[in-house]
Amino acid sequence: MLKKRLLPLLAAAALCAPLSAYADLQAPGEYLYVIGSPTGWNIDMTNYVLTKEADNVYSGLVHIAPGIEPVMRFYTALGDWDKNSIGYQVDDMHTLIDFSDRNYSNPFVEGKGAWYLEGAEGWVDVTVDFNSMQISFTGVDIEHASFVSTMIDDASVRPNDFDTSAISFDGDLEFVYSVKTSNGRTCDFGAPVMYTANGCGVMGNYSLGAEAPRGYLDMAPSSEPLRIMGCTADNAVSLTADFGNMNINVVRSSFNIDDIVFELREDRPTTLRCSSAFSYRLSAFVNIDPSLDMGRINISGDFSYDLYSDNNDYSFVNYESLGVQTFVITTDELPGKEIRLEIEWLPEYPSEFVIYTLDGTNTGLTLSHYKNNIYTSLITIPEGEGDFEFYFKGPEPHADLYVYATSGLTADLSQETSQYVVGSCVYDNYNRPLVIPAEFRGNTYMFRFEPNWYTEASRLEISH
């Protein structure tokens, strides 16, 4: 049941007002725009609209994906948050609706009060009637779906029972699905469309290239055709539509699962520093075939880490888990296949820093850990000819994980104390040694080094 709210007097008075009473509300045209959590709360564009099905009556389907709040209101025009909206009430606040029985209707007003359909998930049929000033929400299921294409005689009628397990066709195939929902509505599912104030256009992955042996197509309520390019009669295409996840799995008969690359990289790093300040890309460790959908990659680990989707890749951060840890990587597209990625995690900072010369020689001079991430030692600059050029590394066998250098600095040790920025070599501009002029060889100085992943915070202090 509806959790009660005290409506403002303006909203209460407006419950039975005709559309003409709303002087500030632009009359809807072809579409009524859905704005809310399912659309990303963007007033300039939306991927869901209600279409005009009768005079002043608009209806359509909205998908509530798992984890998405079922919150929405509606606009007769895009581009302005404060104009042309209809809602549960005038004030800009959510109203909680008990949607456990998957049905709800009530009057609407000109306003920004959004409906929060508690418990809604999956497809919701929405109808807005400006004649009666009523809105209704109904949770629905897809009861029947027909593959429809005017290019294939047997699939040109609606509804049909055309078999999509092996479609033989020559050329570029265009199609939609015609669906019937549990409340009797019929509509098309095709290429996703983005609607803006200036018009609309298809978006997303709605076309499979001629060279792709398999792939996924996105779909949404739309009459825009989906496309499979380069079909041939001797290379049949299989389609599996998933209306819950709004996609279609397309597989050509020539597809061979053994041709799909899903494996560890031979050149992958096996040892990493555990640091909250640095992330690692998954693509540096595994080879994943570009035809695989990264959205269907599953990654689990036996330690505490953060995982981020990162431009058709994943990045992960390990804050505190040391030792050998394992990622298990699978994909929904290749059942039974998995990658086990083992990584040895070392502390963010080493037990000591070692001074190496420019030619890679270990001088045996070390800075001992003092406290926190501060390292100190009395260092005598080795005797020899020419300037002394050096940088820091960690101890073996993982010395190269802890390389710190400069952007090209020459030390002036004539001062009582001098400071220098020394950065991790993960940053391209910190890859040159610190230079101590030859005149200071043989002298002893106190080195105080405070490393940090962040270059601007890494300091080397040298004092008499």
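Just above, that's the structure.
Quick notes on the rules
- For every chain, the first residue of its written sequence is number 1, and the numbers climb from 1 along that sequence.
- Residues qualify for local features only when their pLDDT is at least 70, as the model is predicted, and side-chain atom pairs are given and counted only at 80 or more; totals for whole chains, interfaces and linings, by contrast, use all residues.
- Side-chain measures here rest on the full set of heavy atoms in the structure, leaving out hydrogens and waters.
- Put simply, DSSP marks the helices as runs of H or I at least four residues long and the strands as runs of E at least two long, and each gets a number from the N terminus on.
- For this measure, only C-alpha atoms enter the radius of gyration; the expected value for a globule follows 2.2 Å times N^0.38, where N is the number of residues.
- When a residue's accessible area, from a 1.4 Å probe over protein chains only, is under 20% of the maximum for its type it is buried; when over 50% it is exposed; and in between it is partly exposed.
- Of the grid points, spaced at 1 Å and generated over the protein atoms alone, those admitting a 1.4 Å probe that cannot get out make up cavities, while open sets with protein on both sides within 12 Å along at least five of seven lines make up pockets; any residue with an atom within 4 Å of a point is treated as lining.
- Grid points are joined across faces, edges and corners, and a volume is the space filled by probe spheres set on the points.
- Residue type decides the class: Asp, Glu, Lys and Arg count as charged, Ala, Val, Leu, Ile, Met, Phe, Trp, Tyr, Cys and Pro as nonpolar, and the leftover types, Gly among them, as polar.
- Here a Phe, Tyr or Trp ring, Trp counted by its six-membered ring, pairs with any other such ring whose centre lies within 6.5 Å, and the pair is stacked when the planes are under 30 degrees apart, edge-to-face when over 60, and tilted otherwise.
- Criterion for a charge above a ring: Arg CZ or Lys NZ at most 6 Å from the ring centre, at most 35 degrees from the ring normal.
- Whether two strands pair depends on DSSP finding at least two bridges between them.
- We count a salt bridge whenever a side-chain nitrogen from Lys or Arg sits within 4 Å of a carboxyl oxygen from Asp or Glu.
- Angles here are taken between N-to-C directions and fall from 0 to 180 degrees, while the axes themselves are lines fitted to C-alpha atoms, restricted in helices to the stretch in contact.
- Think of a nonpolar core as a cluster: buried Ala, Val, Leu, Ile, Met, Phe, Trp, Tyr and Cys residues, connected wherever their side-chain atoms sit within 4.5 Å.
- In what follows, a contact means two residues having at least one pair of non-hydrogen atoms within 4.5 Å.

> Explain the overall build of the protein chain residue by residue, including any values.
Broken down by element type, the protein chain carries 1 helix and 43 strands. The C-alpha atoms of the protein chain give 32 Å as radius of gyration, which overshoots the globular expectation for 464 residues (23 Å, by more than 25%). Along the first, second and third principal axes, the C-alpha set of the protein chain runs to 95 × 65 × 40 Å. Taken across its 464 residues, the protein chain has 46% of its residues classed as buried.

> I'd like to hear about empty space enclosed by the protein, residue by residue, with values.
Using the criterion set out here, one finds 1 cavity of 30 Å³ or more in the structure. When its volume is computed, the largest cavity comes out at roughly 40 Å³. What lines the largest cavity is simply F390, Y391, F392, Y404, A405, T406, V422, L434 and L460. If you tally residues by element for the lining of the largest cavity, the top one is strand β36 (residues 388-393), at 3 residues. Broken down by class, the residue content of the lining of the largest cavity amounts to 8 nonpolar, 1 polar and no charged.

> How would you explain the environment of S222 if you had to name every residue and give the values?
Within the element layout of this structure, S222 appears in the loop between β20 (220-221) and β21 (226-231). The exposure class of S222 is buried, given its relative accessible area of 8%. Between the C-alpha atoms of S222 and V202, which are 20 residues apart in sequence, the distance is 9.4 Å.

> Could you give me a rundown of the packing of aromatic side chains, with the residues and numbers involved?
Within the structure shown, the criterion is met by 35 aromatic pairs. Residues F303 and W345 carry aromatic rings whose centres are separated by 6.2 Å and whose planes lie at 50 degrees to one another, so their mutual orientation is tilted. Within this pair, whereas F303 is found in the loop between β28 (297-301) and β29 (306-309), its partner W345 is found in strand β32 (residues 338-346), the two being separated by 42 residues in sequence. This pair shows no difference in class: F303 is buried, exactly as W345 is. Note that R214 overlies the ring of F255, its terminal NZ or CZ placed 6.0 Å from the centroid. Taking NZ or CZ as reference, R296 lies 3.7 Å from the ring centre of Y216, over its face.

> Tell me about the pairing of β32, and name the residues and values.
The pairing of strand β25 (residues 271-273) with β32 spans 3 bridges and is parallel. For L272, the partnering residue across the bridge sits in β32 and is W345. With 8 bridges connecting them, strand β31 (residues 323-331) and β32 associate as antiparallel partners. Along β32, the bridge assignment pairs Q325 with I343. Hairpin geometry of β31 and β32 is characterised by an intervening segment of 6 residues between the two adjacent antiparallel strands and by a positive phi of about 90 degrees at G336.

> Help me get a handle on the environment of G67, residues and values and all.
Inspection of the secondary structure puts G67 in the loop between β4 (57-64) and β5 (71-75). We classify G67 as exposed; its relative accessible area is 79%. With 54 residues separating them along the chain, G67 and E121 place their C-alpha atoms 8.9 Å apart.

> I'd like a description of the pattern of salt bridges, backed by residues and values.
Scanning all chains against the criterion turns up 15 salt bridges. For the salt bridge of R296 with D293, the shortest nitrogen-to-oxygen distance reads 2.2 Å. Its relative accessible area of 15% is what places R296 among the buried residues. The shortest N-O distance in the salt bridge between E450 and R448 comes to 3.8 Å. Classification of E450 by relative accessible area gives partly exposed; the value is 29%. In the salt-bridge network here, residues are joined through shared partners; they are R73, D82, D92 and K112.

> Report on the layout of surface pockets, specifying residues and quantitative values.
Quantified by volume, the largest pocket comes out at close to 490 Å³. Contributing to the lining of the largest pocket are 25 residues, with V49, T51, Y195, P221 and S222 lying nearest its centre. Sorting the residues of the lining of the largest pocket by element identifies β3 (49-54), β4, β15 (186-190), β16 (193-196) and β20 as the ones contributing at least two each. The element contributing the most residues to the lining of the largest pocket is β3, with 5 residues. Of the residues in the lining of the largest pocket, the class split is 12 nonpolar, 7 polar and 6 charged.

> Which residues make up the sheet that holds β25, and what values go with them?
An order of β25-β32-β31-β28 is seen for the 4 strands of this open sheet, with the pairing classed as mixed. Edge strands, defined here as strands with exactly one partner in the open sheet, are β25 and β28. Each strand axis lies, on average, 35 degrees off the axis of its neighbour in the sheet, ignoring direction.

> Before we move on, can you summarise the nonpolar core with the specific residues and values?
Within the largest apolar cluster, 52 residues are counted, with the highest numbers of intra-cluster contacts made by F74, W115, F137, F175 and L239. Non-local contacts of L239, meaning those with residues more than four positions away in its chain, are made with F147, T164, I167, F175, Y177, I228, I248, N249 and V250. Membership of the second largest hydrophobic core comes to 26 residues, among which are L365, F392, L413 and I436.

> Can you explain unusual backbone geometry? Please cite residues and give values.
Put simply, R158 and P159 share a cis peptide bond, and its omega is -10 degrees. The peptide bond linking E396 to P397 adopts the cis configuration, its omega dihedral lying at 5 degrees. Mapped onto the secondary structure, P397 falls in the loop between β36 and β37 (404-405). We note that W41 has phi near 50 degrees; this positive angle belongs to a residue other than glycine. Looking at where W41 falls in the secondary structure, it is placed in the loop between β1 (31-36) and β2 (45-46). Residue W41 is classed as partly exposed on the basis of its relative accessible area of 29%.

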